[in-house]
Amino acid sequence: MTVRTRFAPSPTGFLHIGGARTALFSWAYARKFKGQFILRIEDTDVARSTPEAVQAILDGMSWLGLDWNEGPFYQMQRMDRYKEIIQKMLTEGHAYLCYSSKEELDALRERQMQDGIKPRYDGRWRPEDGKVFPEVPVGVQPVIRFKNPKAGLVEWDDLVKGHIAISNEELDDLIIARGDGTPTYNFCVVVDDWEMGITQVIRGDDHVNNTPRQINMLKALGATIPQYAHLSMILGDDGQKLSKRHGAVSVMQYNEDGYLPEAILNYLARLGWSHGDDEIFNMKQFCEWFDLDHITPSAAQFNTEKLNWINAHYIKQADLNALAIDINKRLMAKAIKTDGGPALNGVISLYRDRANTLNDLATSIEYFYSQPIADAAAVEKHLPNEILPIIKTMLAELSSTDWTAEAIHGVIEQTVLKNALKFPKVAMPLRVMVTGGAQSPSIDAVMQLLGKEETLKRMSVFCA
RNA sequence: GUCCCCAUCGUCUAGAGGCCUAGGACACCUCCCUUUCACGGAGGCGACCGGGGUUCGAAUCCCCGUGGGGACGCCA
């Protein structure tokens, strides 16, 4: 049987890191088995779903390069089909009308909590032999409930967590259609997973408790039951749960922050899944290696430090021209123009090994394209007055030097020799004058790239 | 409260009864390289939640405890 997996986000917000990993794993599983990956938008919560969120999810997926074979399917467009099936369940006795009001149910729930039992619907409108029902209240739009089996065990072999069994006594008759007739999540998932022929449902841990209900509905419908794989959640950097209020950010934020999609993907792949000691691998490799057997059942804490390390790795590997285009954009966003300045490719080559993010990289090379503001502490430390005469002499010598790194290096070395100094005594003042700070790659390489005119100009400012 | 799940270095993880005096990676520390800072290289620090079993032998299997998490919506 062909593997068919799906990613089924609800468009109530952006694609965050947890959703991205779920999508990645579902995608990789389908790719590994040459199957299909399906994207389905679960937008039945009309009040909270927005077209902006749909777009944000699509953007996130495409930035990461997670492509799908079918869809996106929108559940709101499948209303007719859901209603048809609900009608069928009603006729077949798998579902029934319930006239309990929300207030009534809230009160029930509260009482049950107080009594220390699991809150659940008590089945007051559930049709049973010889049962006498209360009078049907007027003006109440009934909801439709699934008639869950009362006894027995629901069990499945979770591909991540192993065998799980839950007693039907723990389950109540869940609502499958609201008062206004729109079907609810648990029902739509069941119908869609069934009709879309999903073979492996790979989703978040928070759905474990929905699984037995879904299996019961699948059984009532005579549907094939897919395999389930429940992924543990991703905790924030601080070990706390990610939520809208705390730490959950859009994957697109990582784009803005200067992370490469390859790095995010590679990092996410290793969060909760492993292949021996392998740390760095591309998506082609990942799709070959990926399996559900090596997924950790416990929650994983997000670690930005490690992400940074992986990102730095991919920056070193990245195509130089692509890097230049990206960095140029980031500089432009800060109103720094690179045309007319030193060639970006050269500058980036000099700096790419030192950056954790593209933003770091962009920031570190800003001084090539705009006047640096000299760091006062660095000036104080590396530019003592007694060095100025030496700098002046060097300035004169440099103005008649061929502008190659070797020639520049030669001038510095001669100066060092003539004045019986250590190399840094001359290199550091130059670094501060030219870059504005005390850290940079080889100063001769920097000066060469910056250009003769600009370098001498920056030096003379300090010699005035 | 009830049900379900989880538990190896600070973090991500390897580990499917002997290969484990527990391996790798990030971070941290030391040294080397060096023109500063990085990069890179070489070392180092650092963990099987506790208690009972099972077994010749347990990080690995079982039970209990403890701790953490999730679910209990006319949300998904």
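Quick look at the structure, then.

**Side note on the environment of I215**
- The residue I215 is located in helix 6 (residues 211–220) in this model.
- For I215, a relative accessible area of 2% corresponds to the buried category.
- A C-alpha to C-alpha distance of 6.7 Å links I215 and I225, two positions 10 residues apart in sequence.
- If we ignore the near neighbours within four places in the chain, the residues touching I215 are V154, E155, W156, I225 and Y228.

**Here's the deal with empty space enclosed by the protein**
- Using the criterion set out here, one finds 1 cavity of 30 Å³ or more in the structure.
- Approximately 30 Å³ is the volume found for the largest cavity.
- If you trace the largest cavity, you find it lined by R21, F25, L231, S232, G272, I295, T296, S298 and A300.
- Here the residues of the lining of the largest cavity sort into 4 nonpolar, 4 polar and 1 charged.

**Notes on the protein's contact with RNA strand B**
- Close to RNA strand B lie 60 residues, the nearest being G116, R178, R354, S440 and D444.
- Sugar and phosphate atoms represent 67% of those atoms of RNA strand B found within 4 Å of the protein.
- A distance of 2.9 Å separates a phosphate oxygen of RNA strand B from a polar atom in the backbone of Q301.
- The separation between a sugar or linking oxygen of RNA strand B and a polar main-chain atom of K306 is 3.2 Å.
- Grouping the amino acids of the surface near RNA strand B by side-chain chemistry returns 19 nonpolar, 20 polar and 21 charged.

**Describing the state of the cysteines**
- Using the criterion set out here, one finds 0 disulfides in the structure.
- In this structure C98 is a free cysteine whose sulfur lies 18 Å from that of C188, the closest cysteine sulfur available.
- Given the relative accessible area of 1%, C98 is considered buried.

Criteria and cut-off values
- Residues numbered from 1 in each chain as written.
- Chains lettered and ligands numbered in written order.
- Predicted model: local features only at pLDDT ≥ 70, side-chain atom pairs only at ≥ 80, totals over all residues.
- Heavy atoms only, no water.
- Helix = DSSP H or I, 4+ residues; strand = E, 2+ residues; numbered from the N terminus.
- Buried < 20%, exposed > 50% of the residue type's maximum accessible area, 1.4 Å probe, protein only.
- Contact = heavy atoms within 4.5 Å.
- 1 Å grid on protein atoms, 1.4 Å probe; cavity = no way out; pocket = protein on both sides within 12 Å on 5 of 7 lines; lining within 4 Å.
- Points joined across faces, edges and corners; volume = space filled by probe spheres on them.
- Nonpolar A, V, L, I, M, F, W, Y, C, P; charged D, E, K, R; others polar.
- Near = heavy atom within 4 Å.
- Polar contact = N/O pair within 3.5 Å; in protein donor to acceptor, adjacent residues only side chain to side chain.
- Disulfide = S-S within 2.5 Å.

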